[in-house]
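As a plain string of letters, each chain reads:
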Amino acid sequence: MPRGILNFARYYPTAMTSPSVLANVTNSVVMKLTAVSVIIVGLIVAGCSTTGRAPQVGRSGFDNARTVTIEPHANTSTRVTATGLGAHWSAAWQDQVILEVAVFNLATGITNAELNIDGKKTTLERNGDVTDIDRTGDVIISTNSFKTNLATVEKILKSKRTWLRVGTPTGTLEDAVIDGPTDSKAFHALERFMAAVKASD
């Protein structure tokens, strides 16, 4: 019996003798479970959507260098737990860039990350030892930063097939950034990121 019904019976034992009350409680539990299912399906579909947030463009208070940041967006995935990519760049770094590797809907350490761009595998250099774990509404996002360069981001955007593999303490997760005609929110986020990097103030 669902927990909601058990709790109701614990505090109102005599009410459970009424079929109408039992039916109402059961319907309430079913409606809650249905709502959770809708949320899960929405998260899976969101991983395949091409929309997302715009990059944030600013200036460093330290050296006035122009900065561009886009938060992690999901790769294409049929799982609720999906990988994703974001990016951060400063003009002071020239062609260097930080990729924010993310795992959505799972609190986990991120130990390593690899890209397979049109068959060429690249192991990313980890920039941070500690994985950040945040919660946005009902979504948990684990992120860690990795060093690469703008040329690698350009290769992803020009590729026909790019996959990301993320290592965790319990195994690996891998999803497509782009795979033939199927692209992802992360792919389009990187497009917006590079357009902002190339734009002039």
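See the structure above.
No experiment lies behind these values; they were computed from the predicted model shown.

## Quick word on the overall build of the chain
If you tally the helices and strands in the chain, you get four helices and 12 strands. The burial tally for the chain puts 38% of its 201 residues in the buried class. Summed over all atoms, the accessible surface of the chain reaches about 11,300 Å², with 56% contributed by carbon and sulfur.

## Digging into the sheet that holds strand β6 (residues 120–123)
Taken in spatial order, the five strands of this open sheet run β6-β5-β10-β11-β12, and their pairing is antiparallel. If you trace the sheet from one side to the other, it starts and ends with β6 and β12 (182–183), each paired once. As judged from the four bridges shared by strand β5 (residues 112–117) and β6, these two strands associate in the antiparallel manner. Following the sheet pairing, E114 is matched in β6 by T123. Against the sheet, helix α3 (residues 150–158) makes contact with β5, β10 (161–168) and β11 (171–179), and its axis sits at roughly 50 degrees relative to β5, the strand it touches most.

## Quick word on the nonpolar core
By size, the foremost hydrophobic cluster in this structure holds 32 residues, and its most contacted members are V101, L164, L190 and F193. When contributions to this core are tallied by element, the ones reaching two or more residues are β2 (66–74), β3 (82–90), β4 (96–104), β5, α3, β10, β11 and α4 (185–198). A per-element tally of this core places α4 first, with eight residues. In this structure, L164 is in contact with N75, T83, G84, L85, V101, A113, E114, L115, L173, E174, D175 and V177, ignoring residues within four places of it in sequence. Membership of the second largest hydrophobic core comes to five residues, among which are A102, F104, V139 and I141.

## Digging into the pattern of salt bridges
One pass over the full model with this rule turns up eight salt bridges. Residue R79 is joined to D175 by a salt bridge in which the shortest nitrogen-to-oxygen separation is 3.1 Å. Taken together, the residues R79 in the loop between β2 and β3 and D175 in strand β11 connect sequence positions 96 residues apart. A salt bridge links R165 to E114; the shortest N-O distance between them is 3.9 Å. Here R165 is found in strand β10, whereas its partner E114 is found in strand β5, with 51 residues between them in sequence. What makes E114 partly exposed here is its relative accessible area of 24%. Counted as one network, the salt bridges with shared partners bring together E114, R165 and E174.

## Looking at the layout of surface pockets
The volume enclosed by the second largest pocket comes to roughly 200 Å³. Lining the second largest pocket, in full, are E114, L115, N116, K121, R161, W163, L164, R165 and E174. Where the lining of the second largest pocket is concerned, the elements lending two or more residues are β5 and β10. Among the elements that take part in the lining of the second largest pocket, β10 stands out by supplying four residues, more than any other. In terms of residue class, the lining of the second largest pocket is made up of three nonpolar, one polar and five charged.

Rules used in this analysis
- Residues numbered from 1 in each chain as written.
- Predicted model: local features only at pLDDT ≥ 70, side-chain atom pairs only at ≥ 80, totals over all residues.
- Heavy atoms only, no water.
- Helix = DSSP H or I, 4+ residues; strand = E, 2+ residues; numbered from the N terminus.
- Buried < 20%, exposed > 50% of the residue type's maximum accessible area, 1.4 Å probe, protein only.
- Areas by Shrake-Rupley, 256 points an atom, 1.4 Å probe, with all protein chains shown as cover.
- Pairing = 2+ DSSP bridges.
- Contact = heavy atoms within 4.5 Å.
- Axes fitted to C-alpha atoms, helices over the stretch in contact; angles between N-to-C directions.
- Core = buried A, V, L, I, M, F, W, Y, C linked by side-chain atoms within 4.5 Å.
- Salt bridge = Lys/Arg side-chain N within 4 Å of Asp/Glu carboxyl O.
- 1 Å grid on protein atoms, 1.4 Å probe; cavity = no way out; pocket = protein on both sides within 12 Å on 5 of 7 lines; lining within 4 Å.
- Points joined across faces, edges and corners; volume = space filled by probe spheres on them.
- Nonpolar A, V, L, I, M, F, W, Y, C, P; charged D, E, K, R; others polar.

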